[in-house]
Amino acid sequence: MANASIAIGSRPHAKGAIPWYVWASALAVTSTSVGLYWDISWHMSIGRDTFWTPAHLGIHFGAIVAGISSVFLILSTTFGKKHELRATSVKMWGFYGPLGAFVSLWGGLAMLTSAPFDDWWHNAFGLDVQIMSPPHVVLILGIFTLGLGGLFLIVSEMNRADAETRAKLNRVFLYAGCMLTILLLMLIYEYTDYTLTHSAIFYRVLALAMPPVLVGIARASGYRWAATKVAGIYFVLWLLALWLVPLVPAQAKLGPVYTPISHLVPLEFPVLLFAGAAALDFLLDRLAGRNKWLQAAVAGVGFLLVMMAVEWPAGSFLVSHLAENRFFGTDYYPYMQRPSDYHFDHELWAYEKTRADFWLGMTFAFGAAIVTTRIGLAWGDWMRRVRR
Amino acid sequence: MRKYIVVVLVGLCLMLCPAAWSHVGSPDVYYEAMAGPYKMFVTVRTPQMIPGIAQIEVRCLEGSVDDIEIVPLRVIGEGSKTAPPPDHMSPSEADPQFFTGKLWLMESGSWQVRMDVSGLQGKAQLAVPVPAYARRTLGMQKTTGIVLACLMVFLTLSLISIFGAAARESQLEPGVEISPARRSRARIAMVVAAVAVVAILLLGDMWWTSIATANASDKVYKAPPVEVSMVDGSQLVLKMGASPWHERRKQMQLDNIIPDHGHLMHLFLVRMPDMDEFYHLHPDETATRTFTEKMPVVAGGSYAVFADIVRESGFPDTMTSKIDLPAGNKGTSLAGDDSSTVAPKISALQGNVTTSPLGPDDHVEWVLDSATTQAQKASLLRFRVMDKNGAPANDLEPYMGMAGHLVILRRDLSVFSHVHPAGSVPMAALMLLQQPNTSGTDAMANMQHDATTNELTFPYGFPRAGDYRLFLQVKRGGRVQTAVFDTHVAP
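Residues numbered from 1 in each chain as written. Chains lettered and ligands numbered in written order. Predicted model: local features only at pLDDT ≥ 70, side-chain atom pairs only at ≥ 80, totals over all residues. Heavy atoms only, no water.

Across the boundary between the two partners, chain A contributes 55 residues, which contact 51 residues of chain B. Across the interface of chain A and chain B, roughly 4,700 Å² is buried in total on both sides, 65% from carbon and sulfur atoms. Between R338 of chain A and E78 of chain B there is a salt bridge whose closest N-O contact spans 3.7 Å. Of all the secondary-structure elements, those providing two or more residues to the side of chain A that touches chain B are α1 (4–9), β1 (90–92), α4 (99–125) and α5 (134–160) of chain A. (Contact = heavy atoms within 4.5 Å. Buried area = accessible area lost by both parts, 1.4 Å probe. Salt bridge = Lys/Arg side-chain N within 4 Å of Asp/Glu carboxyl O. Helix = DSSP H or I, 4+ residues; strand = E, 2+ residues; numbered from the N terminus.)

This part takes up α5 of chain A. Compared with the 39 Å implied by 1.5 Å per residue over 27 residues, the 39 Å span of α5 of chain A between its first and last C-alpha is a close match. Across the 27 residues that make up α5 of chain A, a large majority, 23, are buried. (Expected span 1.5 Å × (residues − 1). Buried < 20%, exposed > 50% of the residue type's maximum accessible area, 1.4 Å probe, protein only.)

Any two side chains of opposite charge can pair, given that their charged atoms come close. Residue and element names in this part refer to chain B. Under the defined criterion, the tally for this structure stands at 26 salt bridges over all chains. Close ionic contact of E57 with R45 constitutes a salt bridge, the shortest N to O distance being 3.6 Å. Here E57, found in strand β4 (residues 52–62), pairs with R45, found in strand β3 (residues 38–45); they are 12 residues apart in sequence, far enough to count as distant. Exposure remark for E57: the relative accessible area of 23% places this residue in the partly exposed category. Here D274 makes a salt bridge to K345, at a shortest N to O gap of 3.7 Å. Here the residue D274 occupies a position in the loop between β14 (266–272) and β15 (277–281), and K345 occupies one in the loop between β20 (339–342) and β21 (355–358), the gap between them amounting to 71 residues. Look at D274 and you get buried, because its relative accessible area is 15%. One salt-bridge network, in which partners are shared between bridges, spans R271, D274, D276 and K345.

Residues V71, L75, F79, W93 and F95 of chain A together with M152, V153, F154, L157 and L201 of chain B make up a contiguous nonpolar surface patch of roughly 900 Å² in combined accessible area. Its relative accessible area of 38% is what places F154 of chain B among the partly exposed residues. (Patch = residues over 30% accessible without salt bridge, like charges linked within 9 Å, V, L, I, M, F, W, Y side chains within 5 Å. Areas by Shrake-Rupley, 256 points an atom, 1.4 Å probe, with all protein chains shown as cover.)

Turning next to the sheet that holds β3 of chain B. All names here are of chain B. Spatially, 5 strands are ordered β2-β3-β4-β8-β7 in an open sheet, and the strand pairing comes out antiparallel. In the strand order of this sheet, the two ends are held by β2 (29–35) and β7 (90–91), each with one partner. Note that β3 and β4 share 7 bridges and pair antiparallel. Looking at β4, one finds that R45 is bridged to Q55. (Pairing = 2+ DSSP bridges.)

Attention now moves to the sheet that holds strand β6 (residues 87–88) of chain B. All names here are of chain B. Read from one edge of the open sheet, 4 strands run β6-β5-β9-β10, paired in antiparallel fashion. Two strands lie at the open edges of the sheet, namely β6 and β10 (122–132), each paired on one side alone. Taken together, the 11 bridges between strand β9 (residues 109–119) and β10 define a ladder with antiparallel strand orientation. Pairing of G109 across the sheet is with A132, part of β10. In the packing of helix α5 (residues 427–434) onto the sheet, contacts are made with β9 and β10, and the angle to β10 comes to roughly 135 degrees. (Axes fitted to C-alpha atoms, helices over the stretch in contact; angles between N-to-C directions.)

Take a look at the structure:
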């Protein structure tokens, strides 16, 4: 039976306070994101790894934090004395807990599942140095779901909170959303290389991956310029990593060493996502209240046009010798890159072999941007209604 | 620039070694050589899949070694100069002169394991050429499969339930009870989620299968195909076909063929199923990737063909084929380094044959012990050439620059090895390591050496249990003579 007093009294924390599990989920997604970045850098710089590298520990620490906090939250809600906690819970298989806790726990379990799968894969097909292999996809799916669970936990608190608490939670929400965006950008890293900025594949992948997350988070946040803030945080953190990671000494431990290594190799210059995100924020704000498909069409196309406007010249610049410095970082090479292949980093690559293929790809990219923006709107609206 | 000086001081046996290192079903490397004052017996057990880990064993036979550092490098070209930090091999507690270690081999192609040896007699270096190639993919173990299947079912069911919970309750205000409409909505959501998850799993399975198939096709080594035919009843013609495995690895310098002790190809013909006729020939390249040999008069029958070549990076290939040769062909006499022998039918033999006649009057003894004929056991195959009076025969001459050739064949032809007194190392690669600027030339042409002893040893390990025939070839009085042995290798 509906009862407003239960609804208000059921909040398990003091007014204005951010519950511990929100911080736990932020910590988990941060640890996993940092670990993943570190792991990619490790594979480019050092090569040899075991389960116990700091990077792997960072990734799995995130899974453990999310898993343990979710299990604790679910068990304490199910078996604890504070039965009022159940009022803000969903029920699954006889257990009670916030939806985000179940989602995070699922993500953690998927990550753990990927470990024996990946181990077998390495034995069967050799150590893979690619991101997109079946066990890696299970791992990435787990990581991404873990991050999603964190978002659901935070957004459910936000949606029940007063204005002051909501504002505090919104900052954590945008931060967690940024971590999720970073995870996604690492997943598509192989296709967002600056040498591909004059190819349709670059924009196709961006159109498929970015609008749902940026629009969804911005919509659920409800604050202006939310997507721009998320993309801005990503840009700053990624840029800091580009500048700071090379300060860490490292040595390649696998041969053949085609490029001698003296420090960790960072990931490439960040995508100028803030420009596209600003377009999304601006256009969706101006079109608020209009037909959702109209919003998606205008914002999706706008996102992609702006991304092309900034990335096309940025790509031309980044392949030039002017970018071969510590600021833009285009002169870092992984140990397994042959010196005779360096020139590939300083040439724009035509992924599509014909002009027709390029325009076909761009047509797909614009169509995808519209559809994925619409998905982002639907997902964001759904998250705005999450209460448990 | 760091400059690595590869000091490979090899002994008599090594200096006598020739040409191609050959392999079918025998991927491990066995090598005996001098590293400065230390006599070393090295075994490199190569991984089944690349990238993978090679297991390395070293026994010091002479001298006292304290420490061995190992690094992987390419034999020539990019990656042959800059090494990762070395790994230290671990001495055995029971035998301090026996060391074990492991190294990652990250790419298929021609590698070297460079060893820095230190001990009572000082420091020395040894470079062991190692051809790396993926041999097969591995199936999933039953236990792993069950665990992963259970986890997949659990994750699938729990994901569907999460979708149900999300549709049913997640948007309800705290304390509000679930309406029947929401319950219906949740059921629909779960059905949709179930269909979607199953579809994703099916798509994932298709993707997994395609990746696994592509991996097996792209990564697993395949020797170039070779078409063998007899032309005009007197010429054997071998035409090499295209090899996608090699073409995908042009950067590994696996294209051009280099002469190996004066010959671009070493060809072996063995009449099957009795292995009673054996030819060791050296066809010339008469057109691109086409080799021709003027054949001697051969006994008719079905022959197994093994053709050895070495690539410019030192990577060896053994191409295999079959050919039916008619009796009474228009043959010429054997000339140059070509040789042949007639052997007893293997099907008529029982048990080990450890003494074989050599020439009209002499014989060769194979000094066998139980450890020698054990699968996967690295050991020295030891042979003594005796004259008709039973005294050591000290009249051995170099045959193509070495004291002896040993061809090892498993009865079902699943194993073919062409080894020499230094072992199974690709000798052309070793020559490249010693003279890195001679790529593409016959680096071993001047490696002639006198044979001065009647005892020949071959480092080797039989890869699998089964019946084997061994053809030992030596040269005496300007004639090549072949001794034939049979043995059963225990598991």
